[in-house]
Each structure stands twice: as C-alpha cells, then as structure tokens.
Amino acid sequence: MQVPANVIKAGVGVLATGVITVVTLALKQHLVRVVHKVNKLWAGKRVAILGRQWVGKTTLLALLMGQDLSAARKTTVDPNTGASFELRIGKKTVRFRVRHDQPGWAPELAYKGWREEFDDADFVLYLFRADLIARGDRGTVALVERDLNEFKSWLEQRETGAPVPKVILIGTWADRSPEFAKDAAKFTSRIRKARPIKLGAIKLNKADLVVGSLGAEEDSAKLIASLGEFVR
Ligand SMILES: Nc1nc2c(ncn2[C@@H]2O[C@H](COP(=O)(O)OP(=O)(O)O)[C@@H](O)[C@H]2O)c(=O)[nH]1
Ligand SMILES: [Mg+2]
C-alpha cells in the first residue's frame, strides 16, 4: 500500500513539532531550575540591577522573576519609577530593583538614582554590552569606564564599617560576537582583560565578571548559572 506523500509530510511535520515542543519545554524547565537555584542564594538580600539603556536589565529582571524569555521581552517598566520586585523565598525575601533609564545624551543624569540603589544594595549587578567592549567601541569603553569609576568613588565615600555592596559585572550581548560562539571561555577572558573591565574590576574590590547573552533561552540559563557562582 502506498502512503500519499502529503500524509508522510504531515506526519513528519507533526513529529518535528513534537520534538521542538519537547526541547522547548526541557529548556524552559532548565531555565526555571537555574533561576530558582540562584534566587535561593540571595534570599534576604537586596539586588540592584544597573547599566545603560538596552544592555538587558529588564530582561534579566524578568528572568529572575521567573518569567520565560518570551514573557520577559514583553515586560515593560514604568519610565518614571523604574521597577522593583520582591520575591519570597521561604521566610526571606529577595528585593530586585532596576532604575528607569536616563537619556543617553546626559549619562551623568543616571548617577543620582543609581547611587540610591547602589548604597541600598547587597549585590550590584552592572550590565554592559560585551560585544561593544570586545570591539573596543570608544563610546562604550568611555561610558563603562566612567560608570565604574563612579562606583569606586561611592565605595570610597561609605562610612567605615558600613556594609559594602558586592559588585558583579555582567557582559551581555556576547551572541553578537562570533568569537563567543566559537569559544565562550576565551571570549570571557578577552573581556576580562579589556579596557575598562580589567582596571574597573580591581578598583571595585576585584569585582566578579560574567559574560554571556540574554538573547536566547539556553544562553540566558548559562549566564544566570554562572552568575550564581559569584553569589556568596
Ligand atoms: N541578542 C541579544 N539581545 C539582547 C540581549 N540582552 C537583551 N537583549 C535584547 O535587547 C533589548 C533590550 O533589552 P532590555 O532588557 O529591555 O534592556 P534594558 O534597557 O537594559 O532594560 C530587548 O529586545 C532584549 O531582548 C543579549 O544578550 N543578546
Ligand atoms: Mg529596561
């Protein structure tokens, strides 16, 4: 008996869709597990997410809030107040905060709001565009350098004995650099040595560095998992 070609095609289509669905669900579960594990690490802590426009702050916040990536993309933040999110973990809460973005033409406008978050945080996650740092983009290098110097001055201005926030530098958009897909570890060490990350990390009490991408689910899970290695 001959099975018509279109029936075979439809069968293959259904099978392929099934496989894709299973893979997608497995990835989602993986991401959910990773997020849960990391969030447990900072139970009771305050986490500030800082960084310039378009670096992935809102995406990271949404992922940590337990949304999947498609929902994360839809998350909007009130342009006037920024976003704050409290997550209960057992008897403790984690408080995440993202300040609303300031216009790019006056970078110093961001500092007032950032400082409030910085001084009131246990962890400061500073996001920057790893692809642009890798390329040596002059504007990005200058701006990130300025931001990190600003953080340093805030640390220095703290009263003795006051708790010091732990800064974690997070390079995003690595998916835009072909080198990252070829050898992620090598790309990360390149960013670690790059200006202004190397000096900036030293100035900030040897800030840790995570490099990756929030552009796809699998990459996001990896980035968040490596972030977890530095939460202590
Ligand atoms: N390709 C890629 N896109 C990203 C990455 N991080 C964020 N995006 C996208 O960049 C856009 C801005 O992200 P968003 O989280 O709103 O940045 P924010 O301005 O810092 O809050 C969104 O469309 C994200 O999906 C990344 O690592 N790689
Ligand atoms: Mg945002």
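To be clear, the structure that these remarks concern was listed above.
Trainee: Give a description of the sheet that holds strand β2 (residues 83-89) that names residues and reports values.
Mentor: Paired through backbone hydrogen bonds, the strands of a sheet run either parallel or antiparallel to each other. Spatially, the 6 strands line up as an open sheet ordered β2-β3-β1-β4-β5-β6, and their pairing is mixed. Each edge of the sheet is formed by a strand with only one pairing partner; in this case those strands are β2 and β6 (208-211). Taken over all neighbouring pairs, the strand axes of this sheet differ in orientation by 20 degrees on average, direction set aside. Relative to strand β3 (residues 92-98), strand β1 (residues 46-51) runs parallel, the two sharing 4 bridges. Across the sheet, Ile49 pairs through a bridge with Val98, a residue of β3. Most of the contacts of helix α4 (residues 110-119) go to β1, to which it runs at about 150 degrees, and overall it touches β1, β3, β4 (123-129) and β5 (166-172). Each of β1, β4 and β5 is contacted by helix α6 (residues 138-156), which is oriented at about 170 degrees to β4, the strand it contacts most.

Trainee: Talk me through a nonpolar patch on the surface; I want residue IDs and the actual numbers.
Mentor: On the surface, Val3, Val7, Ile8 and Val12 cluster together to form a nonpolar patch covering roughly 330 Å² of accessible area. Structurally, the position occupied by Val12 is in helix α1 (residues 5-41).

Trainee: With reference to specific residues and values, describe the pairing of β6.
Mentor: Put simply, side chains in a regular strand alternate between the two faces of the sheet. Covered by surrounding structure in β6 are Asp208 and Val210 together with Leu209 and Val211, the residues of both alternating faces. Examined bridge by bridge, β5 and β6 share 4 bridges and lie parallel to one another. Paired with Leu169 across the bridge in β6 is Leu209.

Trainee: Describe the site of ligand 1, with residues and values.
Mentor: Within the structure, ligand 1 sits among 16 residues, and Trp54, Thr58, Thr59, Asp175 and Leu214 are positioned closest to it. Separating an oxygen atom of ligand 1 from a side-chain N or O atom of Ser213 is a distance of 3.5 Å. In the environment of ligand 1, an oxygen atom lies 2.7 Å from a nitrogen or oxygen atom belonging to the backbone of Leu214. In isolation ligand 1 exposes 580 Å². Once the protein is present, 84% of that is buried. Sorting elements by how many residues they give to the shell around ligand 1 places helix α2 (residues 57-64) first, with 3 residues. Tallied by class, the residues present in the shell around ligand 1 amount to 4 nonpolar, 7 polar and 5 charged.

Trainee: Just give me the short version of α6, but keep the residues and values in it.
Mentor: For α6, spanning 19 residues, the distance from its first C-alpha to its last is 27 Å, which sits close to the expected 27 Å at 1.5 Å a residue. At its buried positions, α6 is contacted by β1, α4, β4, α5 (130-134), β5 and α9 (197-203).

Trainee: If you had to explain the packing of α4 against α6 to someone new, which residues and values would you point to?
Mentor: α6 packs onto α4 with a crossing angle of 50 degrees between their chain directions and a minimal axis gap of 11 Å. The angle between α4 and α6 places the two elements in the oblique class. When you trace α4 past α6, the crossing you get is right-handed. Listed contacts from α6 to Tyr111, Trp114, Arg115 and Phe118 of α4 are Arg146, Asp147, Glu150, Phe151, Trp154 and Leu155.

Trainee: Provide a residue-level description of the packing of aromatic side chains, including the pertinent values.
Mentor: Counted according to the given criterion, the structure contains 12 aromatic pairs. Pairing Phe151 with Trp154 gives two aromatic rings, centres 5.5 Å apart and planes at 40 degrees, and the pair type is tilted. A residue pair is termed a helical-turn pair when its members lie 3 or 4 positions apart in one helix, as Phe151 and Trp154 do in helix α6 at 3 residues. The pair Phe151 / Trp154 is uniform in exposure class, with both members buried. Arranged with centres 5.9 Å apart and planes meeting at 70 degrees, the rings of Phe180 and Phe187 form a pair that is edge-to-face. The buried category is assigned to Phe180, whose relative accessible area is 14%. By relative accessible area, which is 0% here, Phe187 ends up buried. Here the aromatic cluster, defined as three or more aromatic residues joined through ring pairs, consists of Tyr111, Trp114, Phe118, Tyr126, Phe128, Phe151 and Trp154.

Rules of the game
Residues numbered from 1 in each chain as written. Chains lettered and ligands numbered in written order. Predicted model: local features only at pLDDT ≥ 70, side-chain atom pairs only at ≥ 80, totals over all residues. Heavy atoms only, no water. Pairing = 2+ DSSP bridges. Helix = DSSP H or I, 4+ residues; strand = E, 2+ residues; numbered from the N terminus. Axes fitted to C-alpha atoms, helices over the stretch in contact; angles between N-to-C directions. Contact = heavy atoms within 4.5 Å. Patch = residues over 30% accessible without salt bridge, like charges linked within 9 Å, V, L, I, M, F, W, Y side chains within 5 Å. Areas by Shrake-Rupley, 256 points an atom, 1.4 Å probe, with all protein chains shown as cover. Salt bridge = Lys/Arg side-chain N within 4 Å of Asp/Glu carboxyl O. Buried < 20%, exposed > 50% of the residue type's maximum accessible area, 1.4 Å probe, protein only. Near = heavy atom within 4 Å. Polar contact = N/O pair within 3.5 Å; in protein donor to acceptor, adjacent residues only side chain to side chain. Nonpolar A, V, L, I, M, F, W, Y, C, P; charged D, E, K, R; others polar. Expected span 1.5 Å × (residues − 1). Parallel < 35°, antiparallel > 145°, perpendicular 65-115°, else oblique. Left-handed = near helix turned anticlockwise from the far one by under 90°. Phe/Tyr/Trp six-rings, centres within 6.5 Å; stacked < 30°, edge-to-face > 60°.

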